[in-house]
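Understanding the architecture of this molecule
Now for the letters of each chain:
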Amino acid sequence: MANEIQTIGVLTSGGDAPGMNAAIRAVVRETIAKGKKVKGIKRGYAGLLQEEIIDMEAKNVSNTIQQGGTILQTARCMEFTTPEGQQLGAEICRKHGIDGMIVIGGDGSFKGAQKLAALGINTIGIPGTIDLDIACTEYTIGFDTAVNTAMEAIDKVRDTSTSHERCSIIEVMGRGAGYIALWCGIANGAEDILLPEKYDYDEQKLVNNIIANRKRGKKHHIIINAEGVGHSESMAKRIEAATGLETRATILGHMQRGGSPTCKDRVYASIMGAYAVDLLCQGKSNRVVGYRHGDFVDFDIDEALSMKKEIPEYQFQICKNLSV
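Residues numbered from 1 in each chain as written. Predicted model: local features only at pLDDT ≥ 70, side-chain atom pairs only at ≥ 80, totals over all residues. Heavy atoms only, no water.

1. Description of the overall build of the protein chain
Looking only at helices and strands, one finds 11 helices and 11 strands in the protein chain. Carbon and sulfur atoms make up 50% of the accessible area of the protein chain, which amounts to about 14,100 Å² in all. Across the protein chain, the 37 positively charged side chains and the 40 negatively charged ones have centroids separated by 2 Å. (Helix = DSSP H or I, 4+ residues; strand = E, 2+ residues; numbered from the N terminus. Areas by Shrake-Rupley, 256 points an atom, 1.4 Å probe, with all protein chains shown as cover. Lys, Arg positive; Asp, Glu negative; His and termini not counted. Charge placed at Lys NZ, Arg CZ, Asp CG, Glu CD.)

Below is the structure:
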């Protein structure tokens with residue numbers, strides 16, 4: 001077939017996530033198994049525009065599946081949001097013989113993939129983000145590792161918070177999505193969770209809850225605060241002033257992005273990487289790999305980007321009920 005894919009490029013874009021290397025490894029080795037060539041693009045779309053493109057072999061991804069971060073590095077690239085940048089990216093792909101591209105990243109990265117597909121480069125997206133905020137899929141690469149990292153850290157903070165009979169505000173990542181905070185709220189038994197999708201900014205409710213729990217004999221109070229709500233340090237000062245209870249803020253920050261990926265992130269990312277290669281070899285383009293109802297599936301990028309994702313109301317209510 002004249003239009004059969006011969007060379008596949010792979011890049012990671014946006015925020016890094018544990019498990020991206022497992023996906024890269026799968027892309028490289030599945031492509032080679034299909035008898036095709038594979039090229040790695042460093043630093044995402046920024047590297048594409050700078051032609052930071054390398055040939056990859058199976059040995060290039062040896063001993064990488066257990067590593068956090070991304071061996072291809074990542075960056076954000078404003079130039080690629082312009083029609084001129086997108087056109088240049090497609091021309092560079094053709095220059096290097098790349099007729100299929102796999103983009104590992106979030107919604108912003110998929111918008112770039114969508115543009116490349118419209119310009120004639122067969123493109124498949126793989127959801128890589130610790131925020132779990134891509135609507136078409138129940139799983140995103142890195143979330144499982146990040147939420148376990150946060151959970152373990154919160155357990156440790158709880159120990160010292162209990163010893164000192166403190167209120168602790170622990171800020172987790174999630175600028176526009178509260179899934180890490182929600183899951184940790186349930187897993188860590190937090191008394192309160194603050195999610196960007198749900199929080200009404202009524203601090204008096206928090207104060208009242210802390211006082212009520214204190215009267216019931218609770219020796220500590222854990223508030224898990226999503227990054228999208230933020231202001232944990234100033235909030236801690238206000239709560240301490242209002243309750244008289246020593247209150248400390250802990251911001252977990254980028255530690256949640258790092259570390260060796262969990263088994264789930266290694267296995268699911270590997271399957272998604274191989275699946276993306278298979279889609280390209282079938283002549284598919286402008287698709288996003290996802291996971292739904294126990295199966296690995298794919299969606300049209302246009303459809304995927306139009307979907308909206310909300311915090312499951314039942315899970316949110318369960319978190320509140322179990323915190324009493």
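Alright, that's what it looks like, and here's the rest.
2. Considerations on helix H3 (residues 83–95)
Taking 1.5 Å of rise per residue, the 13 residues of H3 would be expected to cover 18 Å, and the 18 Å separating its terminal C-alpha atoms lies within 8% of that figure. Taken from the residues just after H3, Gly97 is the one with a positive phi, measuring 75 degrees. (Expected span 1.5 Å × (residues − 1).)

3. Details of the sheet that holds strand E5 (residues 122–127)
Judged by pairing direction, the sheet is mixed, and its seven strands sit side by side in the order E3-E2-E1-E4-E5-E10-E11 without closing on themselves. In the strand order of this sheet, the two ends are held by strand E3 (53–55) and strand E11 (295–300), each with one partner. This sheet shows a mean twist of 25 degrees between the axes of neighbouring strands, independent of strand direction. The pairing of strand E1 (residues 7–12) with strand E4 (residues 100–105) spans five bridges and is parallel. (Pairing = 2+ DSSP bridges. Axes fitted to C-alpha atoms, helices over the stretch in contact; angles between N-to-C directions.)

4. With respect to the sheet that holds strand E8 (residues 221–226)
Backbone-to-backbone hydrogen bonds join strands into a sheet, with any given pair of strands oriented parallel or antiparallel. Strand order across the open sheet formed by four strands is E7-E8-E6-E9, with parallel pairing between neighbours. Each end of this open sheet is capped by a strand with a single partner; those strands are strand E7 (192–194) and strand E9 (247–251). The sheet shows a mean angle of 15 degrees between the axes of neighbouring strands, taken without regard to direction. Of the pairings in the sheet, the one linking E7 to E8 comprises three bridges and is parallel in character. Bridged to Ile193 within E8 is Ile224. Packing of helix H8 (residues 232–243) onto the sheet brings it into contact with strand E6 (167–172), E7, E8 and E9, and relative to E9 it is tilted by some 170 degrees. (Contact = heavy atoms within 4.5 Å.)

5. Describing the environment of Thr243
Its location among the elements puts Thr243 in helix H8. Classification of Thr243 by relative accessible area gives partly exposed; the value is 23%. C-alpha separation for the pair Thr243 and Ile210, spaced 33 residues apart in sequence, amounts to 7.6 Å. What Thr243 contacts, discounting residues up to four positions off in sequence, is Val207, Ile210 and Ile211. A polar atom in the side chain of Thr243 sits 2.8 Å from the backbone oxygen of Ile239. (Buried < 20%, exposed > 50% of the residue type's maximum accessible area, 1.4 Å probe, protein only. Polar contact = N/O pair within 3.5 Å; in protein donor to acceptor, adjacent residues only side chain to side chain.)

6. As for the pattern of salt bridges
The tally for this structure, following the rule as stated, stands at 15 salt bridges. Residue Arg175 is joined to Glu227 by a salt bridge in which the shortest nitrogen-to-oxygen separation is 3.5 Å. Here Arg175, found in the loop between E6 and helix H6 (179–187), pairs with Glu227, found in the loop between E8 and H8; they are 52 residues apart in sequence, far enough to count as distant. Arg175 sits in the exposed class, given a relative accessible area of 63%. Judged by relative accessible area, Glu227 falls into the partly exposed class, the value being 26%. Notably, a salt bridge pairs Arg238 with Glu203, separated by 2.5 Å at the nearest N-O pair. You can see Arg238 sitting in helix H8 and its partner Glu203 sitting in helix H7 (residues 203–215), a full 35 residues away along the chain. (Salt bridge = Lys/Arg side-chain N within 4 Å of Asp/Glu carboxyl O.)

7. Overview of the packing of H7 against H8
For the pair H7 and H8, the least separation of the axes is 10 Å and the interaxial angle reads 50 degrees. Looking at the two axes, H7 sits oblique to H8. Where H7 crosses over H8, the two elements pack in a sense that is right-handed. Here Glu203, Leu206, Val207, Ile210 and Ile211 of H7 come into contact with H8, specifically with Met235, Arg238, Ile239, Ala242 and Thr243. (Parallel < 35°, antiparallel > 145°, perpendicular 65-115°, else oblique. Left-handed = near helix turned anticlockwise from the far one by under 90°.)

8. Some details on the state of the cysteines
As enumerated under the stated definition, the model contains zero disulfides in all. This cysteine, Cys93, is not joined by any disulfide, and Cys77 carries the nearest cysteine sulfur, 13 Å off. The exposure class assigned to Cys93 is buried, which follows from its relative accessible area of 0%. You can see Cys184 has no disulfide; the closest cysteine sulfur is in Cys319, sitting 9.9 Å from it. (Disulfide = S-S within 2.5 Å.)

9. A word on the nonpolar core
Ranked by size, the top nonpolar core spans 57 residues in total, and within it Ile102, Ile104, Ile180 and Ile224 carry the most contacts. Excluding its chain neighbours within four sequence positions, the residues that come into contact with Ile180 are Ile130, Asp131, Phe143, Ala146, Val147, Ala150, Val172, Met173 and Gln256. Among the nonpolar cores identified, the runner-up in size contains 26 residues, and Ile41, Leu48, Cys93 and Val288 belong to it. (Core = buried A, V, L, I, M, F, W, Y, C linked by side-chain atoms within 4.5 Å.)

10. Things to note about the side chain of His221
Secondary-structure assignment places His221 in strand E8. Residue His221 is classed as buried on the basis of its relative accessible area, which comes to 1%. Within the structure, the side chain of His221 is placed 2.8 Å from the side chain of Asp192, a separation counted as a polar contact. In terms of polar contacts, His221 uses its side chain to reach the side chain of Asn213, at 3.4 Å. The residues touching His221, leaving out its near neighbours within four places in the chain, are Arg166, Cys167, Ser168, Glu191, Asp192, Asn209, Ile210 and Asn213.

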